[in-house]
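Chain and residue survey
Here is what each chain is made of, one letter per residue.
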Amino acid sequence: HDQGALLLETANLGIDGYLLKPVSPESLVSTLLRAAERMYSRRQLEQAARYWHQTFDSIPDLITILDQNYRVVNMNKAAQQRLGVSLPEALGQDYCVMLHPDRLLAGDCARRRLESNCCINAGDEPVAMLGGYFNVTVTPICDEQGCQNGTVHVARNVTEKTEVEITLRYISTHDQLTGVGNRAWFESESERLLRGRSWPVSVIVADLDGLKLVNDRYGHAAGDELLKRAVQALTASCRADEMISRTGGDEFVILLPGIDGTAATAIVIRIRDQIAAQKELRPCLSLSLGVATADCPEQFDEALSQADQRMYQDKTERKKRISQGMDGQGGSDV
């Protein structure tokens, strides 16, 4: 053709090349080769796009592409399956809301974005979300000028590994019989308190009386049950943030952050009331108790030693009362 209007019309249709009359063999070959190159390039791009989508969807990690407002632009099959949504349903959704079906959690997560402390942001520790634990990595997407205009959010499921680590950590820091902290946990918590600001800190040392006698007379199963009852009495007398640990076979230590001497003495009274409530049970539960208070980190070791000394004083005094039949914790009958 030699019509200019037809040329413009075909150009708008996306032609790969054109020829003007009269057509020479050289221009025909040249035009066909250029058209073939363009067609080949398009096919390569289409093939690369297919490979990219296949790779994107075959990765087991949850991969989501977000815009600047943390809204979904794209996500792979693993993310869609874990979230229970299709890509069309996910597009434009706030990703925090999708990761936290609980709207209160989602709102809190969204508020913490500015602090880089929500599930959208990467961290060294696994993030609890979607009913499991995930290692999160975040990579910014930048334009040609280097300005960030999006984010690639990758979440790797490490639930099984993390739960095993949590279990092992719990086992290594807690007494298996009673469930309270062990000596390693006590030492770790003591170090944490020394670095903190929860002063004063009171300490209660408790020693289970007659455990060896119970073990010898009734067997270790009875002794174990007595230890559990002792922990029940201690736990019932303390708040959740007051830390109980079994530091020896028959010895317990309670750390009371932010509790002064008067309040700590009231806790000792509550413990004695709990013991008295079990006076009808056999073997008889009896605890020797000592309490002291540290007003600053420098006094902590001294307070711990003082509480231990007072516990032994209490044990000695009550032995005298027991011999006279006057002890309020149930006498000498085991």
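Residues numbered from 1 in each chain as written. Predicted model: local features only at pLDDT ≥ 70, side-chain atom pairs only at ≥ 80, totals over all residues. Heavy atoms only, no water.

1. Some details on the overall build of the protein
- Along the protein, the regular secondary structure elements total twelve helices and nine strands.
- Counting over 334 residues, the protein shows a buried share of 37%.
- Taking the intrachain contacts of the protein between residues at least 6 apart in sequence as the baseline, contacts between residues at least 24 apart amount to 53%.
- By element, 53% of the accessible surface of the protein is carried by carbon and sulfur atoms, the whole surface being about 19900 Å². (Helix = DSSP H or I, 4+ residues; strand = E, 2+ residues; numbered from the N terminus. Buried < 20%, exposed > 50% of the residue type's maximum accessible area, 1.4 Å probe, protein only. Contact = heavy atoms within 4.5 Å. Areas by Shrake-Rupley, 256 points an atom, 1.4 Å probe, with all protein chains shown as cover.)

2. Focus on the sheet that holds strand S1 (residues 62–67)
- The five strands are arranged S2-S1-S5-S4-S3 in an open sheet whose pairing can be described as antiparallel. Strand pairing shows two members of the sheet lacking a second neighbour, strand S2 (72–75) and strand S3 (127–129), which therefore form its edges. Taken pair by pair, the neighbouring strands of this sheet meet at an average axis angle of 35 degrees, ignoring direction.
- With respect to the sheet, helix H7 (residues 159–173) is in contact with strand S4 (132–142) and strand S5 (148–157), its orientation differing from that of S4 by roughly 125 degrees. (Pairing = 2+ DSSP bridges. Axes fitted to C-alpha atoms, helices over the stretch in contact; angles between N-to-C directions.)

3. Side note on the packing of aromatic side chains
- Scanning the entire structure with this criterion turns up one aromatic pair.
- Aromatic side chains Trp-52 and Phe-56 sit 4.7 Å apart centroid to centroid with 15 degrees between the ring planes, which places their arrangement in the stacked category. Separated by four residues within a single helix, Trp-52 and Phe-56 lie in helix H2 (residues 25–58), roughly one turn from each other.
- According to the relative accessible area criterion, Trp-52 is partly exposed, its value standing at 41%. (Phe/Tyr/Trp six-rings, centres within 6.5 Å; stacked < 30°, edge-to-face > 60°.)

4. Focus: the environment of Ala-36
- Its place among the elements puts Ala-36 in helix H2.
- Judged by relative accessible area, which is 39%, Ala-36 ranks as partly exposed.
- The sequence separation of Ala-36 and Asp-16 amounts to 20 residues, and the corresponding C-alpha distance is 8.2 Å.

5. Quick look at the pairing of S2
- Of the strand pairs in this sheet, S1 and S2 are connected by three bridges, and their pairing is antiparallel. Along S2, the bridge assignment pairs Ile-65 with Asn-74.
- Two successive antiparallel strands, S1 and S2, enclose a turn made up of four residues, where Tyr-70 displays a positive phi of approximately 65 degrees.

6. A word on the sheet that holds strand S6 (residues 201–208)
- Pairing in this open sheet of four strands is antiparallel, and the strands run S7-S8-S6-S9 from one edge to the other. If you trace the sheet from one side to the other, it starts and ends with strand S7 (243–246) and strand S9 (287–294), each paired once. For this sheet the average axis-to-axis angle between neighbouring strands, irrespective of direction, equals 15 degrees.
- Summarising the sheet, S6 and strand S8 (residues 251–257) pair through seven bridges and their orientation is antiparallel. Within the sheet, the bridge partner assigned to Ser-202 lies in S8 and is Leu-256.
- The strands touched by helix H8 (residues 183–195) within the sheet are S6, S7 and S8, with S7 carrying the most contacts at an inclination of about 145 degrees.

7. Here's the deal with the nonpolar core
- Core analysis: the largest hydrophobic core is formed by 28 residues, its most contacted members being Ile-204, Leu-208, Leu-234, Ile-254, Ile-271 and Leu-287.
- Elements with a contribution of two residues or more to this core: S6, helix H9 (211–218), helix H10 (220–236), S8, helix H11 (261–276) and S9.
- Sequence-distant contacts of Leu-234, defined by excluding residues within four places in its chain, comprise Ala-206, Ile-244, Phe-252, Ile-254, Ile-271 and Leu-287.
- One finds Met-75, Ala-79, Tyr-95 and Leu-99 within the second-largest nonpolar core, a separate group that totals 17 residues. (Core = buried A, V, L, I, M, F, W, Y, C linked by side-chain atoms within 4.5 Å.)

8. Describing H10
- When the terminal C-alpha atoms of H10 are compared, their 24 Å separation across 17 residues agrees well with the 24 Å that a helix rising 1.5 Å per residue should span.
- Of all the positions in H10, only Ala-222, Gly-223, Leu-226, Leu-227, Arg-229, Ala-230, Val-231, Ala-233 and Leu-234 are classed as buried. (Expected span 1.5 Å × (residues − 1).)

9. Side note on the confidence of the model for the protein
- Averaged over every residue, the pLDDT of the protein is 86; the share at 70 or more is 89%.
- Within the protein, helix H6 (residues 103–111) has the poorest average pLDDT of any element, 50, and S9 the best, 96. (pLDDT = per-residue confidence, 0-100.)

10. With respect to the pairing of S4
- Of the strand pairs in this sheet, S3 and S4 are connected by three bridges, and their pairing is antiparallel. Considered in S4, the bridge of Ala-128 is made with Tyr-133.
- Remark: two residues form the turn of the hairpin made by S3 and S4, two consecutive strands paired antiparallel; Leu-130 in that turn has positive phi of roughly 55 degrees.
- The sheet contact formed by S4 and S5 spans nine bridges and is antiparallel. Pairing of Val-136 across the sheet is with Ala-155, part of S5.

11. As for unusual backbone geometry
- Between Trp-199 and Pro-200 the backbone carries a cis peptide bond, its omega angle lying at 10 degrees.
- Mapped onto the elements, Pro-200 comes out in the loop between H8 and S6.
- At the junction of Arg-282 and Pro-283, the peptide bond is cis and its omega measures out at 0 degrees in the coordinates.
- Here Pro-283 is to be found in the loop between H11 and S9.
- Notably, Tyr-70 is not glycine yet its phi reads approximately 65 degrees, a positive angle.
- Following the sequence through the fold, Tyr-70 ends up in the loop between S1 and S2.
- Residue class for Tyr-70 comes out partly exposed when judged on its relative accessible area of 22%.
- The backbone of Leu-130 shows a phi angle near 55 degrees, a positive value even though the residue is not glycine.

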